[in-house]
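# Topology and contacts: notes
Each chain, letter by letter, is given below.
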Amino acid sequence: MTDRAEIPTNFIRQIIDRDLAEGKNGGKVVTRFPPEPNGYLHIGHAKSICLNFGIAASYGGACHLRFDDTNPEKESDEYVASIKRDVEWLGWRWDGEVRFASDYFELIHDCAVALINAGVAYVDTQSPEDIARQRGDFTHPGQNSPHRDRAVDDNLALFARMRAGDFNEGEAVLRARIDMASPNMNLRDPVLYRIRKVSHHQTGDTWCIYPMYDFTHPISDAIEGITHSLCTLEFEAHRPLYDWTLDNLAGFLASRDRLPARPRQYEFARLNLNYTVMSKRKLKQLVDEGHVNGWGDPRMPTLSGLRRRGYTPEAIRRFCDMAGVARADSTVDTGMLEAAIRDDLNVHAPRAMCVLRPLKLVIENWPAGQVEQLQIAKHPQDESMGFRDVPMTQEIFIDREDFLLEPVRKTKRLVLGDEIRLRGSYVIRANEVLRDAQGEITEIRCTYDPDTLGKNPEGRKVRGVIHWVSAEYGVPCQVRLYDRLFTEANPDRAEQGFLSVLNPDSLTVLEGCRVEPALAGVAPEARFQFEREGYFCVDPDSGAGEMVFNLTVGLRESF
RNA sequence: UGGGGUAUCGCCAAGUUGGUAAGGCAACGGGUUUUGAUCCCGUCAUUCCCAGGUUCGAGUCCUGGUACCCCAGCCA
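Rules and cut-offs
Residues numbered from 1 in each chain as written. Chains lettered and ligands numbered in written order. Predicted model: local features only at pLDDT ≥ 70, side-chain atom pairs only at ≥ 80, totals over all residues. Heavy atoms only, no water. Patch = residues over 30% accessible without salt bridge, like charges linked within 9 Å, V, L, I, M, F, W, Y side chains within 5 Å. Areas by Shrake-Rupley, 256 points an atom, 1.4 Å probe, with all protein chains shown as cover. Salt bridge = Lys/Arg side-chain N within 4 Å of Asp/Glu carboxyl O. Lys, Arg positive; Asp, Glu negative; His and termini not counted. Charge placed at Lys NZ, Arg CZ, Asp CG, Glu CD. Helix = DSSP H or I, 4+ residues; strand = E, 2+ residues; numbered from the N terminus. Buried < 20%, exposed > 50% of the residue type's maximum accessible area, 1.4 Å probe, protein only. Pairing = 2+ DSSP bridges. Axes fitted to C-alpha atoms, helices over the stretch in contact; angles between N-to-C directions. Contact = heavy atoms within 4.5 Å. 1 Å grid on protein atoms, 1.4 Å probe; cavity = no way out; pocket = protein on both sides within 12 Å on 5 of 7 lines; lining within 4 Å. Points joined across faces, edges and corners; volume = space filled by probe spheres on them. Nonpolar A, V, L, I, M, F, W, Y, C, P; charged D, E, K, R; others polar. Parallel < 35°, antiparallel > 145°, perpendicular 65-115°, else oblique. Left-handed = near helix turned anticlockwise from the far one by under 90°. pLDDT = per-residue confidence, 0-100. Near = heavy atom within 4 Å. Polar contact = N/O pair within 3.5 Å; in protein donor to acceptor, adjacent residues only side chain to side chain.

## Overview of a positive patch on the surface
A contiguous patch of positive charge, built from Arg 409, Lys 410, Lys 412 and Lys 461, is present on the exposed surface. Locating Lys 461 in the fold gives a position in the loop between strand S22 (441-449) and strand S23 (465-466). By relative accessible area, which is 78% here, Lys 461 ends up exposed.

Spelled out as structure tokens, the structure:
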């Protein structure tokens, strides 16, 4: 998909290069993206997706999409559907069918039985509180459970009863028998199976016992033949358990012919972006409490939000490549994301004119009723995009901010008594302003120089160029301006909590804007550059009644 | 506090037998321009968390510190 040469190397690619050189895994590279369907995907997931799918693509390998659905309480089909859609939208295609860890529940159960038979797993019928208490802490070793040495047959019988539903939630768990004194807390006889009497979005009521992540993941990776299991840094301390599980199950899985590869786990730093939050819990809270309009709100760092905001899959992939992959905790500046989308849209977005805060301007020497269809290039550097018709009439709108009564040093706007170029049109001069009873400027009376279409006036230099839209033909529309969702670079660290630093001005809705008629009726997701303003896309709220545009990102401004 | 990690420019990030600090974002100059956009040119780490040491030579090796992140869910 992407030219490999463009993708900067990173420590994981180097590990794969070395593995390949050593002939490991028969030269195969198989990765997986393993989301839990308990929320929408965000830009942080995009990093993992691009890493996993990108590696598979550049090494001629495969990448699986596997839902890590072992906790039915928090998961749902809505999330499964949104995740599939987002991965595809990003431009990736998973190998084979979508997989679910729940597809493997029977085999995982058999693995548990195998562990019991091997004497390295036991059923603990203590309360969750007792188990927690016995785990000890960083300074004190844990205490062995009184059930740690239960006979294999008893464990088998108890585990069967767990599956049969004989116990209530919390009354019994299956635990690995490792080391209650391990300095690694994850190795202090971790829970492998717990009881959850809730129906599962994939398996319904087939099960009332569910395997834990630490047990499920290595088994799922192994049976899918995953060679490189990439996850984030916080799972580093779990790696010994990942390896313990596979070391203890390799024989069993091989005997069932379900061990195509011995996977290895590698951890990389998750993506953080400043001025936003990335945890699913917090994003869900923003949605549930109505601080934003759903997971797909254009202000959200979710992929659906970025999509509605006007980001392209290409820009997001490019951004992930720009940010890189390493093991150091880091927070990428939002400016890098913006640079990625500007780069893309600058090349691909047709130009158009839209007046956000209309101020009427009447050209007194323009023949009344005359309409001149101007042909303006859709892109100044790409003539293959062609031209669009832009009607020029006696009355037009310009932005209120583009008119000044008094000249300001080096300004490039229209000043009373001076000239300005109308983009793609003529040079005009502002002669007089009309005001209403409150003194508010309501209209500017101008004259135009008929000899300035496509050429500069003789002997004079106009101070600048402003955009405009015909008052008669301009299409009224709504424009939604977005700003960062939070006022602090790191909302997670806010004294009063992340909600206390929500930006009250993250959304500004402008009504009565005027866009040039060439854009009337274009479909949602179409992207344009509104000259001198920024990049905008058509929002799905656009209907027969009114067009709605979302600000994707503003133009760079340098004075 | 025990264990596991990480520290290279404002933000990311290369640097892999020690040989004399890539690139991107941002910023700042200048040029082109009917978008204060784009594009183009240029500037931007005598220094790699700190302190010692080894060496002709260290971001890379050794010793000792410091800071930050992760782990005590029957979450992932």
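And the narrative resumes.
## Examining the sheet that holds strand S5 (residues 173-176)
Pairing is antiparallel in the open sheet, where four strands are placed in the order S4-S5-S6-S7. Of all strands in the sheet, those bounded by a partner on one side alone are strand S4 (121-124) and strand S7 (209-211). The sheet shows a mean angle of 20° between the axes of neighbouring strands, direction not considered. Strands in contact with helix H4 (residues 105-117) are S4, S5, strand S6 (191-195) and S7; relative to S6, the strand with the most contacts, it is inclined by about 120°.

## Description of empty space enclosed by the protein
If a probe the size of a water molecule is rolled over the atoms, the empty space left behind becomes visible. A complete count under the given rule lists one cavity of 30 Å³ or more for this structure. When its volume is computed, the largest cavity comes out at roughly 40 Å³. In this structure, the largest cavity is lined by Tyr 213, Asp 214, His 217, Pro 218, Phe 235, His 238, Leu 241, Tyr 242 and Gln 265. Residue classes in the lining of the largest cavity are distributed as five nonpolar, three polar and one charged.

## Digging into the packing of H4 against helix H6 (residues 152-164)
Remark: H4 packs on H6, axes separated minimally by 9 Å, with the N-to-C direction vectors making an angle of 155°. The angle between the axes of H4 and H6 places the two elements in the roughly antiparallel class. Helix-helix and strand crossings are classified by hand; for H4 and H6 the assignment is right-handed. Contacts between H4 and H6 involve Glu 106, His 109, Ala 112, Val 113, Ile 116 and Asn 117 from the former and Val 152, Asn 155, Leu 156, Phe 159 and Arg 163 from the latter. Class assignment for the residues of the contact of H4 with H6 results in six nonpolar, three polar and two charged.

## Focus: the confidence of the model for chain A
Any residue range with low pLDDT should be treated as having predicted coordinates unsuitable for detailed reading. Here chain A averages 97 in pLDDT, and 99% of its residues register 70 or above. Ignoring residues within four places in sequence, the model shows residues 1-5, a span with pLDDT below 50, making nine contacts including any to other chains.

## Structural notes on the protein's contact with RNA strand B
Neighbouring RNA strand B are 67 residues, the closest being Thr 139, Arg 196, Arg 423, Gly 454 and Ser 558. By atom count, sugar and phosphate contribute 61% of the portion of RNA strand B lying within 4 Å of the protein. Asn 71 is positioned such that a nitrogen or oxygen atom in its side chain is 2.9 Å from a sugar or linking oxygen of RNA strand B. Counting residues per element, the surface near RNA strand B draws most heavily on helix H12 (residues 334-348), at four residues. Residues that form the surface near RNA strand B fall into these classes: 23 nonpolar, 22 polar and 22 charged.

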